[in-house]
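Structural description and commentary
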Amino acid sequence: MTTDPMPDVSADILATALGWKLSGKGVALATVVTTWGSAPRPVGSQLAVDDEGKFIGSVSGGCIEGAVVTEALDAIADGKPRMLDFGVSDAQAWEVGLACGGKIQVYVERLDS
Amino acid sequence: MKREILEQLQADRAEKRPVVLATFLRTGEQRLLYLVGKKGLKDLDPRIGETARAALIEDKPRTVETEQGPLFLNVFNPPLRLILVGAVHIAQALVPMAQLAGYEVIVIDPRSAFGSVERFPGVQLSNDWPDEAMEKLRPDLRTALVTLTHDPKIDDPALISGLRSDVFYIGALGSKKTHASRIERLTAAGFGADDFARIHGPVGLSIGAKSPAEISISILAQMTAALRQPAASATSAAA
């Protein structure tokens, strides 16, 4: 008898991203690469987005996912990786911010064939 | 990210191989980095290798500055595992506690009367000899090993396999006297002071634990310290 290991959410995200890609969809990955202050999700947290804007995973617990998905769709279209900065000080520039007062950097990249 | 890299990453994860995904944030160029033995990562600027190794050990991604700009090191570690040798009374308390703490638990006991499914429902059980079982399990940096049988015939082969691996924690049940004779046997087997410093024996933090559950708490607390504060834990093990 064997117990299943603890569910590993990031495995599901990457498996889903790969599944989307293999089924012919455009896919982008977003990864938290830097945090300052009380950021809601730790460095390394990931989000996968398909070309219809469907996403799995989390980079902020909900505050900025909408903006990340928009940028991810652009990355799927042009293939260029981008770095997004979110935080209280950037709230006006990005029109979204983190309610918790933290700051995060999110790296967005297309999954290529 | 290239699809082949993601496919390789997923294959590594399926095989429980610790791996770092390194991304040059300026160009998007990526590669996968692996641990090689105890020394570090091959074929790489030693500083990047050291940082990647630290990231894996601490299970914490980070960015390192390189000549090609910032390099983000994302960590993909296998799940935590606890290998228990000896399907004894303490194991019955330690198994569910370790599972709650996020460990996948494997119990090894070649004495099938002890290591039976009835006594350990829902646990991966092996009735192989510990050296054979350990070889199959391929313990890694995310694995803890605890021996509980008091029987050198069973505990020693497991300890020897553990010392030859990268396990982050080794605990051996037994009194100071038992531990002293264990050290003598391991010395005869060719091990030295650096190896003995890795073995927590008598096992567990000194909290006056008496019952199997309390002893399990002391073991799990010591494992947690070794996982989360490796430097401090190594000093106390050597003391």
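Residues numbered from 1 in each chain as written. Chains lettered and ligands numbered in written order. Predicted model: local features only at pLDDT ≥ 70, side-chain atom pairs only at ≥ 80, totals over all residues.

Counting its regular elements, chain B contains 9 helices and 10 strands. For chain B, buried positions account for 41% of its 239 residues. In chain B, once contacts between residues fewer than 6 apart in sequence are set aside, the share between residues at least 24 apart is 55%. (Helix = DSSP H or I, 4+ residues; strand = E, 2+ residues; numbered from the N terminus. Buried ≥ 20, exposed ≤ 12 C-beta atoms within 10 Å, placed from the backbone. Contact = placed C-beta atoms within 7 Å.)

Time to look at the overall build of chain A. Check the secondary structure of chain A and you find 3 helices and 5 strands. Classification of the 113 residues of chain A by burial places 41% in the buried group. For chain A, restricting intrachain contacts to residue pairs at least 6 apart in sequence, the fraction spanning at least 24 positions comes to 51%.

Attention now moves to the environment of Met134(B). Residue and element names in this part refer to chain B. As for its placement among the helices and strands, methionine 134 is situated in helix 4 (residues 130-137). C-beta crowding within 10 Å serves as the criterion here: with 27 such atoms nearby, methionine 134 is assigned to the buried category. As a C-alpha pair, methionine 134 and isoleucine 160 span 26 residues in sequence and 9.9 Å in three-dimensional space. Apart from residues no more than four positions distant in its own chain, methionine 134 is found in contact with Pro139, Ala158 and Ser161.

This part covers the confidence of the model for chain A. Residue and element names in this part refer to chain A. A residue-level look at chain A finds 78% of positions with pLDDT of 70 or above and a mean pLDDT of 82. Highest mean pLDDT in chain A belongs to strand 2 (residues 46-50) (96); lowest belongs to helix 3 (residues 91-94) (48). This stretch, residues 1-8, has a pLDDT under 50; its non-local contacts, to residues over four places away or in other chains, come to 13 contacts. Contacts from residues 89-93, a stretch scored under 50 in pLDDT, to residues over four places away or in other chains number 3 contacts. (pLDDT = per-residue confidence, 0-100.)

Residues and elements named next belong to chain B. That bond from glycine 201 to proline 202 is cis: its omega, -5°, falls within 30 degrees of zero. Along the chain, the position of proline 202 falls in the loop between strand 10 (199-200) and helix 8 (212-228). One non-glycine residue, lysine 16, lies in positive phi territory at about 60°. Along the chain, lysine 16 turns up in the loop between helix 1 (3-14) and strand 1 (19-24).

Attention now moves to the environment of Arg110(A). Residue and element names in this part refer to chain A. One can find arginine 110 in strand 5 (residues 103-110). The buried category is assigned to arginine 110, around which 23 C-beta atoms lie within 10 Å. Sequence separation between arginine 110 and glycine 79 is 31 residues; the distance between their C-alpha atoms is 5.7 Å. Each residue touching arginine 110, except ones within four places of it in the same chain, is listed here: Ala28, Ala75, Ile76 and Gly79.

The next thing to look at is the interface of chain A and chain B. In this assembly, 25 residues from chain A lie in contact with 23 residues from chain B. Where the side of chain A that touches chain B is concerned, the elements lending two or more residues are helix 1 (9-22), strand 1 (27-36) and strand 5 of chain A. Residues that form the side of chain A that touches chain B fall into these classes: 15 nonpolar, 6 polar and 4 charged. (Nonpolar A, V, L, I, M, F, W, Y, C, P; charged D, E, K, R; others polar.)

On to the pairing of strand 6 (residues 104-108) of chain B. Residue and element names in this part refer to chain B. The element strand 6 is extensively covered by neighbouring structure, given that 5 of its 5 residues are classed as buried. Inspection of the sheet shows strand 5 (residues 81-85) paired to strand 6 by 5 bridges, in the parallel sense. Following the sheet pairing, leucine 84 is matched in strand 6 by valine 107. Crossover handedness for the path strand 5 to helix 3 (residues 89-100) to strand 6: right-handed. Judged from the 3 bridges that link them, strand 6 and strand 7 (residues 124-126) form a sheet pairing that is parallel. Bridge pairing links isoleucine 108 to serine 126 in strand 7. (Pairing = 2+ DSSP bridges. Right-handed = clockwise from strand over helix to strand, strands pointing away.)

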